[in-house]
Amino acid sequence: MSTPIHRTSTRQSAAVLTSAQQRREGSRTGSTSARSTEHALLAMQSRAGNRATTAAVQRARDTARDPARDTERDRAAENGGASAGAKKNYRDRIAALLDRFKKNLEPIDTFIKGFQTPTNAAFTQQAAVSANEGLKHSTAASGTSAASGNLLTEAAGTVVSGMDAYKNMKDAKKHETGANHHTAKKKAKTKGADAVVGAANSGSYSAAIAKEVTKVQKAADAAVASEASGIASASIGAIKGMRSAFRVGGAARKYKEVKNLGDPHLVHAGSLARLNESREQAGWAAAEAYVALDAYWAHDGQERLELVSEAIDAAWEAMGEARDTAESLQRAEKDVEKLSTVQAYAKKKQLTKMGKETVSGGGESTKAAAGIVTAVAAGTVGLASNPVGWGLAGAGAGLVLGVTMYKALRAATKRYEEVHHPERWAPKGETPEEAASRKESLKHALKFWKKVSKGERQAMAREIYALAAGPDISGSGSTTAEMRESARSLLIALKSGPAKHKLEPESWVETLNDPAKTGDWIQEIAEQLASG
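Criteria and cut-off values
- Residues numbered from 1 in each chain as written.
- Predicted model: local features only at pLDDT ≥ 70, side-chain atom pairs only at ≥ 80, totals over all residues.
- Heavy atoms only, no water.
- Phe/Tyr/Trp six-rings, centres within 6.5 Å; stacked < 30°, edge-to-face > 60°.
- Helix = DSSP H or I, 4+ residues; strand = E, 2+ residues; numbered from the N terminus.
- Buried < 20%, exposed > 50% of the residue type's maximum accessible area, 1.4 Å probe, protein only.
- Contact = heavy atoms within 4.5 Å.
- Lys, Arg positive; Asp, Glu negative; His and termini not counted.
- Salt bridge = Lys/Arg side-chain N within 4 Å of Asp/Glu carboxyl O.
- Polar contact = N/O pair within 3.5 Å; in protein donor to acceptor, adjacent residues only side chain to side chain.
- Patch = residues over 30% accessible without salt bridge, like charges linked within 9 Å, V, L, I, M, F, W, Y side chains within 5 Å.
- Areas by Shrake-Rupley, 256 points an atom, 1.4 Å probe, with all protein chains shown as cover.
- Charge placed at Lys NZ, Arg CZ, Asp CG, Glu CD.
- Axes fitted to C-alpha atoms, helices over the stretch in contact; angles between N-to-C directions.
- Parallel < 35°, antiparallel > 145°, perpendicular 65-115°, else oblique.
- Left-handed = near helix turned anticlockwise from the far one by under 90°.
- Core = buried A, V, L, I, M, F, W, Y, C linked by side-chain atoms within 4.5 Å.
- Arc of directions from axis to C-beta.
- Expected span 1.5 Å × (residues − 1).
- pLDDT = per-residue confidence, 0-100.

## Observations regarding the packing of aromatic side chains
- Going through the model one piece at a time under the given rule, you end up with one aromatic pair.
- Pairing tryptophan 508 with tryptophan 521 gives two aromatic rings, centres 6.1 Å apart and planes at 70°, and the pair type is edge-to-face. Taken together, the residues span a long stretch of sequence, with tryptophan 508 in helix H14 (residues 505-512) and tryptophan 521 in helix H15 (residues 518-530) at a distance of 13 residues. The exposure classification of tryptophan 508 matches that of tryptophan 521, with both residues buried.

The structure is reproduced here in structure tokens:
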């Protein structure tokens, strides 16, 4: 069903470009070589955007079409036509297809926002100053193509976010308490907000398309459309800027709460000193037991053998106590190092989030200011552009593009390490997968639609859970009470405490000590490390 729609969109964009090219050819007499270069660049941008969008649609459709049909037939045969399960699976496949489609469009969307749109703004400014009608039409045609690509990506993302919000809302109701409930509730809230912002942004792009089309057609209400587009762009930029500000505030609060836990080396200095004292006392007791054993060996009385036997038992027991206290101290020292590492990682994640959201929010606010300038210019002097609006639009796009490129590069690096160095973040006690070659790892790194499942964040989540879990969890039985309490305080600082899970403290502790909930807890902690 999606194929005809996208093909029609491509033909319409091509028709607009053809019309613009014909008008340019009609007015080519007397034009300079510099203007010809400008026209060629704009046409190339539009054609590249259209071809890339069509290719992305085709890739997403070809990738998901046949496996989806085969899976539908196989599952229907296995379940005997169970309608409820079939509908659920159908919805999941639609959501997966749309998500893959959106992620295939994201590189094109990034190109449009970071390069094509600012370039169009520059040419629009030049066309207004030079009163070049041919260049005006060229930039309008290119702008229509750019806004159409933005709208397609945003609309797909809005639908995916809405479906994810609905699914997580149902999951939150299904799991009334615990880690699953909190994870689903948080995702439902985030995805719901994404859907609302996406819908508003889709409206803004629709207004931008209308603005560019009126310019192409030389409509009388072009100034009104330009003003409406500027207002819509300013509004959505302001909303995104405010949302980034709230996220910065959330990350700052979480950072402060983690920081207030203190340096684990200082917090646990007293408990480590007590364990060291116990180790020393046990060592002295063992030494005294061996001295007594030597004395009994030198005894000449009839009770010599009995005394020696008792001395051997005492020495053996003293050595066992010394060994146990030494192991307890060594384990506590390692746990302090682990706790220090995970707390530093949690703070780093929040600082990074604050930085990204600050830059991204600044870019959106700058774009909002550009929209206001555009609206004012359209309302006062018609369609005349000005360098202020162009400069603000370019600056805002540059900031947003910088954050996007940073995220993409970080994600690609993590995907590369995930398969090229699987032993680096593999769970303890688990045999790592075989390392992929450099070529295969690079291929995996370029799969931007895939999320990292075995990276540093997941490894840190496992470390935090191992420290906070109870004695029934494998590998957590030897953790001291003080260390376990500190790790649970870290969970509360990460917004994974009893209140967030709708549980009493005792029930919350029980879920930490439940092996069946280990996976849920690790997923919950990993999510909270990444969010503000």
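## Some details on the side chain of serine 441
- The residue serine 441 is located in helix H11 (residues 438-445) in this model.
- The buried category is assigned to serine 441, whose relative accessible area is 0%.
- If we ignore the near neighbours within four places in the chain, the residues touching serine 441 are Tyr416, Val419, His420 and Ala436.

## As for the side chain of arginine 415
- Here arginine 415 is to be found in helix H10 (residues 387-420).
- In this structure arginine 415 is buried but unpaired, with glutamate 418 as the nearest side chain of opposite charge at 6.8 Å.
- A distance of 2.8 Å separates a polar atom in the side chain of arginine 415 from the backbone oxygen of alanine 445.
- Polar contacts involving the side chain of arginine 415 include one to the main-chain carbonyl oxygen of lysine 447, which spans 3.3 Å.
- Those residues in contact with arginine 415, other than ones at most four positions away along the chain, are His444, Ala445, Lys447, Phe448, Lys450 and Val452.

## Thoughts on a negative patch on the surface
- Together, Glu303, Glu306, Glu310, Asp313, Glu317, Glu321, Asp324 and Glu327 line one region of the surface with negative charge.
- As for its position among the elements, aspartate 313 is in helix H9 (residues 304-381).

## Some thoughts on the packing of helix H12 (residues 456-468) against H15
- It is at 8 Å that the axes of H12 and H15 come closest, and there the two elements cross at 120°. On the basis of their axis angle, the class for H12 and H15 is oblique. Remark: the crossing between H12 and H15 carries right-handed chirality. Taken together, the residues of H15 that come into contact with H12 (itself represented by Arg457, Gln458, Met460, Ala461, Arg462, Ile464 and Tyr465) are Thr518, Trp521, Ile522, Ile525, Ala526, Glu527, Leu529 and Ala530.

## Let's talk about the nonpolar core
- The biggest cluster of nonpolar side chains holds 31 residues, and the ones touching the most others in it are Ile464, Tyr465, Leu491, Ile525 and Leu529.
- Broken down by element, this core gets its largest block of residues, seven residues, from H9.
- With near-sequence residues (within four places) excluded, leucine 491 lies in contact with Ile464, Ala468, Ser496, Gly497, Trp508, Leu512, Trp521 and Ile525.
- In terms of nonpolar packing, the next biggest core, distinct from the first, is built from six residues, Phe101, Leu105, Ile112 and Ala146 among them.

## Focus: the pattern of salt bridges
- A complete count under the given rule lists twelve salt bridges for this structure.
- Between lysine 187 and glutamate 527 there is a salt bridge; the shortest N-O distance is 3.6 Å. Placement of lysine 187 in helix H5 (residues 178-217) and of glutamate 527 in helix H15 is noted, with a sequence separation of 340 residues between them.
- For arginine 243, the salt bridge identified is with aspartate 194, shortest N-O distance 2.6 Å. Highlighted residues: arginine 243 in helix H6 (residues 222-259) and aspartate 194 in helix H5, separated in sequence by 49 residues.
- Residues joined in a network through salt bridges with shared partners are Asp194, Arg243, Arg247 and Glu357.

## Description of H14
- Within the sequence span of H14, burial applies to Trp508, Thr511 and Leu512. Projection of H14 onto a plane perpendicular to its axis shows the buried side chains occupying an angular sector of 105°, all on one side. With respect to the buried face of H14, the exposed residues turned more than 90 degrees away are Glu506 and Glu510.

## A few points about helix H13 (residues 481-493)
- Spanning 13 residues, H13 covers 18 Å between terminal C-alpha atoms, matching the ideal 18 Å at 1.5 Å per step.
- Every buried residue of H13 is accounted for by Met483, Arg484, Ser486, Ala487, Arg488, Leu490, Leu491 and Ala493.
- Phi turns positive, to about 65°, at lysine 495, one or two residues after H13.

## Considering the confidence of the model for the protein
- Looking at the protein, the pLDDT average stands at 77 and 73% of residues meet or exceed 70.
- For the protein, per-element mean pLDDT is lowest for helix H1 (residues 2-26), which scores 38, and highest for H13, which scores 95.
- Below pLDDT 50 for its whole length, residues 1-35 participates in 28 contacts with residues either more than four positions away or in separate chains.
- Within the model, pLDDT remains below 50 along residues 63-84, and this stretch shows eight contacts once partners closer than five positions in the same chain are excluded.

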